[in-house]
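Listed below are the residues making up each chain.
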Amino acid sequence: MNIADSERLESALQGVGYAPAESAADADFIVLNSCSVRASAEERIIGKITDIQRIKQDRPDTKIVLWGCMVGPNNQSIFKAKLPMVDHFVSPSAVDEVVALAPNPVYQLEEPALPVADWTHPPVNVFVPINYGCNMACAYCVIPLRRGKERSRPLDEIGDEVRRIVARGAKEITLLGQIVDSYGHDLPGRPDLADLLKHVHDTPGLVRLRFLTSHPAFMSDKLIETIAQLPRCMPDINLPVQAGDDRMLKLMKRGYTVAKYTRLIERIREVIPHVSLTTDIIVGHPGETREMFDNTVAMLEALRFDKVHIAAYSSRPGTKAAAMEDDPALAVEYGEKQYRRIQLEQVQERIATERNATFLGRTVDVLVDEYTKGKWRGRDPNNKLVFFEHPEDWIGRVAQVKITETRPWWLGGDVVGEAQAAS
Ligand code: SAH
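Keep in mind that what you see is a predicted model, and the values were worked out from it rather than measured.

The rules we used
- Residues numbered from 1 in each chain as written.
- Predicted model: local features only at pLDDT ≥ 70, side-chain atom pairs only at ≥ 80, totals over all residues.
- Heavy atoms only, no water.
- Salt bridge = Lys/Arg side-chain N within 4 Å of Asp/Glu carboxyl O.
- Buried < 20%, exposed > 50% of the residue type's maximum accessible area, 1.4 Å probe, protein only.
- Helix = DSSP H or I, 4+ residues; strand = E, 2+ residues; numbered from the N terminus.
- Near = heavy atom within 4 Å.
- Polar contact = N/O pair within 3.5 Å; in protein donor to acceptor, adjacent residues only side chain to side chain.
- Areas by Shrake-Rupley, 256 points an atom, 1.4 Å probe, with all protein chains shown as cover.
- Nonpolar A, V, L, I, M, F, W, Y, C, P; charged D, E, K, R; others polar.
- Expected span 1.5 Å × (residues − 1).
- Pairing = 2+ DSSP bridges.
- Axes fitted to C-alpha atoms, helices over the stretch in contact; angles between N-to-C directions.
- Core = buried A, V, L, I, M, F, W, Y, C linked by side-chain atoms within 4.5 Å.
- Contact = heavy atoms within 4.5 Å.
- Disulfide = S-S within 2.5 Å.
- Phe/Tyr/Trp six-rings, centres within 6.5 Å; stacked < 30°, edge-to-face > 60°.
- Lys NZ or Arg CZ within 6 Å of the ring centre and 35° of its normal.
- Parallel < 35°, antiparallel > 145°, perpendicular 65-115°, else oblique.
- Left-handed = near helix turned anticlockwise from the far one by under 90°.

> Residues and numbers for the pattern of salt bridges, please.
Within the structure shown, the criterion is met by 33 salt bridges. For R247, the salt bridge goes to D245, with nearest N and O atoms at 2.8 Å. Since its relative accessible area comes to 2%, D245 is described here as buried. In this structure, R247 engages E291 in a salt bridge whose closest nitrogen and oxygen atoms are separated by 3.8 Å. In this pair, R247 sits in helix α9 (residues 246–252) while E291 sits in helix α11 (residues 290–303), placing the two residues 44 residues apart along the sequence. Overall, the relative accessible area of 42% leaves R247 in the partly exposed class. Taking relative accessible area as the criterion, E291 reaches 48% and is therefore assigned partly exposed.

See the structure below:
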């Protein structure tokens with residue numbers, strides 16, 4: 001979501017006459033887009049601001065904006081005292097507010113900017129936010145406090161934007177939301193994510209369509225069937241589970257049980273052939289016992305995800321989980337949290353190794369987005385990273401790659417042909 005916000009800002013700043021500086025030291029206007037999901041993300045931004053402070057000593061006219069989730073709707077006063085070198089604080093996704101602060105604009109911004117600045121070479125993949133904010137109240141999570149209530153963008157507005165982005169050369173669109181599958185409940189006529197996928201699927205020139213991130217509570221049969229029916233909608237779903245123990249899920253306020261989640265995974269695998277499933281897990285949440293953690297290990301062994309984002313619990317101000325830590329019997333100590341994280345990573349590395357090994361000898365369609373260290377890099381329909389060497393320029397093209405090498409986090413192979421671009 002932050003990448004999407006930053007791309008949009010970059011393009012909007014271009015619209016008022018700005019161009020990228022060589023380095024922060026040459027810039028008239030510096031915007032830091034911050035993340036708050038874990039304390040470490042905030043610490044990184046504070047470090048960057050401290051570096052930038054030196055620039056401001058040499059060039060006092062340089063304007064510094066702190067943007068994003070660290071600011072939220074009501075944190076400005078806290079940060080004003082702590083970060084005197086910052087000139088302005090702006091809430092997440094409020095692109096227009098940041099643009100309005102840019103000193104000496106050359107032009108007025110007439111209409112909302114596309115997320116693709118002219119100085120960016122035609123992008124292969126573009127993120128398109130479809131809903132902002134989050135109405136859930138997961139115990140550990142600060143995002144709803146920083147991004148506010150859910151607001152869906154109108155279906156036609158998204159459709160038009162996708163058309164304009166694809167006309168600029170983009171091949172793959174990823175529809176974004178904190179809870180992407182709850183899209184539309186606040187719009188007239190209540191369109192849902194399945195309706196939106198159908199609405200944008202036939203955009204001329206669009207090769208691939210994805211969406212991120214889903215919540216199990218909103219993953220309907222209609223949505224699962226729609227993904228299966230739409231050929232350009234990729235079989236790749238990120239469905240965060242967070243824990244594999246019912247008592248923990250209840251403490252986290254996730255609203256489902258392990259059995260219910262498991263049935264959903266089975267249903268998805270039944271309806272969408274060759275689907276890849278990824279999930280997110282938090283270890284060391286307040287109240288997590290060894291036994292609860294062992295149940296999470298058992299769930300990963302049973303469900304065998306393609307990829308798992310594993311995070312050690314990080315205390316976030318204002319959340320229900322942070323309040324639980326006041327009880328020392330509930331807090332999980334640092335060493336134990338790291339131990340659980342590493343154990344889970346090892347389990348998942350083995351599962352990913354085994355799953356990826358089944359790709360050996362298969363030919364997959366790879367949409368190429370980068371050339372790095374002498375190799376073309378792209379993604380297969382399952383969103384697996386694939387590398388290959390070849391003399392031609394493959395950027396934005398779909399290579400058919402026969403897999404000769406498999407690793408837990410990537411695949412390698414040889415080009416055997418080119419897939420016909422979508423109509
Ligand atoms: N909306 C998504 C999650 C968005 S945040 C959902 O429904 O789960 C992305 C991931 O960050 C989450 O899935 C979670 O695993 C992790 N995360 C969120 N808050 C966290 C915290 N306080 N400590 C550690 N990880 C956290």
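> Please provide a residue-by-residue account of the site of the ligand, values included.
Not every one of the 17 residues close to the ligand is listed here, only the nearest: Y140, Q178, Q242, D280 and S314. R254 is positioned with one of its side-chain polar atoms (N or O) 3.2 Å from an oxygen atom of the ligand. One of the backbone N or O atoms of S314 is found 2.8 Å from a nitrogen atom in the ligand. Protein burial of the ligand: of its 540 Å² of free accessible surface, 89% is covered by the chains. Those elements that place two or more of their residues in the shell around the ligand are β10 (276–283) and β11 (307–312). Looking at side-chain class alone, the shell around the ligand contains nine nonpolar, four polar and four charged residues.

> Which residues make up helix α1 (residues 2–15), and what values do they have?
With 14 residues, α1 should cover 20 Å at 1.5 Å per step; its first-to-last C-alpha distance of 20 Å lies within 8% of that length. Taken as a whole, α1 has its buried residues at A4, D5, R8, L9, S11, A12, L13 and Q14. Where α1 terminates, the next one or two residues include G17, which has phi positive at roughly 105°.

> Before we move on, could you go through the sheet that holds strand β8 (residues 208–212) and cite the residues and values that matter?
Judged by pairing direction, the sheet is parallel, and its three strands sit side by side in the order β4-β7-β8 without closing on themselves. Looking at the sheet topology across the chains shown, the edges are occupied by β4 (125–129) and β8. Sheet twist, expressed as the average angle between the axes of neighbouring strands with direction ignored, equals 25°. Relative to β8, strand β7 (residues 172–176) runs parallel, the two sharing five bridges.

> Describe the nonpolar core, listing the residues and the values that go with them.
Counting residues in each nonpolar core, the largest one holds 68 residues, and the members touching the most others are I173, L175, L193, L197, F211, I237 and I268. Residue contacts for I268: discarding those within four places in its chain leaves M219, I224, I237, L239, V275 and L277. The next biggest cluster of nonpolar side chains, apart from the first, holds 16 residues, and it includes A27, I52, I64 and L83.

> Describe the sheet that holds β10, naming the residues involved and giving the relevant values.
Judged by pairing direction, the sheet is parallel, and its three strands sit side by side in the order β9-β10-β11 without closing on themselves. The two strands at the open ends of the sheet, each matched to only one other strand, are β9 (236–238) and β11. Neighbour-to-neighbour, the strand axes of this sheet turn through a mean angle of 15°, independent of strand direction. Where β9 meets β10, three bridges bridge the pair, whose relative direction is parallel. From the neighbouring strand, D236 faces β10, where its bridge partner is S276. Helix-sheet contacts for helix α13 (residues 334–357) involve β10 and β11, and the interaxial angle to β11 is about 175°.

> Pulling in residues and values, what's your account of the state of the cysteines?
Scanning the entire structure with this criterion turns up zero disulfides. For C69, which is in no disulfide, the shortest distance to another cysteine sulfur is to C35 and amounts to 6.3 Å. No disulfide involves C134; its nearest neighbouring cysteine sulfur is the one of C138, lying 6.4 Å away.

> For the packing of aromatic side chains, give the residues involved together with the corresponding values.
As enumerated under the stated definition, the model contains seven aromatic pairs in all. Relative to W410, the ring of F387 has its centre 5.8 Å away and its plane inclined at 90°; by these criteria the two rings are edge-to-face. Note that F387 is positioned in strand β14 (residues 385–388) and W410 in the loop between β15 (398–406) and β16 (411–418), a separation of 23 residues in sequence. Among the aromatic side chains, those forming a connected cluster through ring pairs are Y256, Y261 and F305. It is R397 that lies over the ring of W394; its NZ or CZ is 4.0 Å from the centre.

> Tell me about the packing of helix α7 (residues 193–201) against helix α8 (residues 221–229), and name the residues and values.
Put simply, α7 and α8 touch, their axes get as near as 8 Å, and they point 20° apart. Our classification of the angle between α7 and α8 gives roughly parallel. You can see that α7 and α8 cross each other, and the crossing is left-handed. Here L193, A194, D195, L197 and K198 of α7 come into contact with α8, specifically with K222, L223, T226 and I227. Partitioned by chemical class, the residues of the contact of α7 with α8 number five nonpolar, one polar and three charged.

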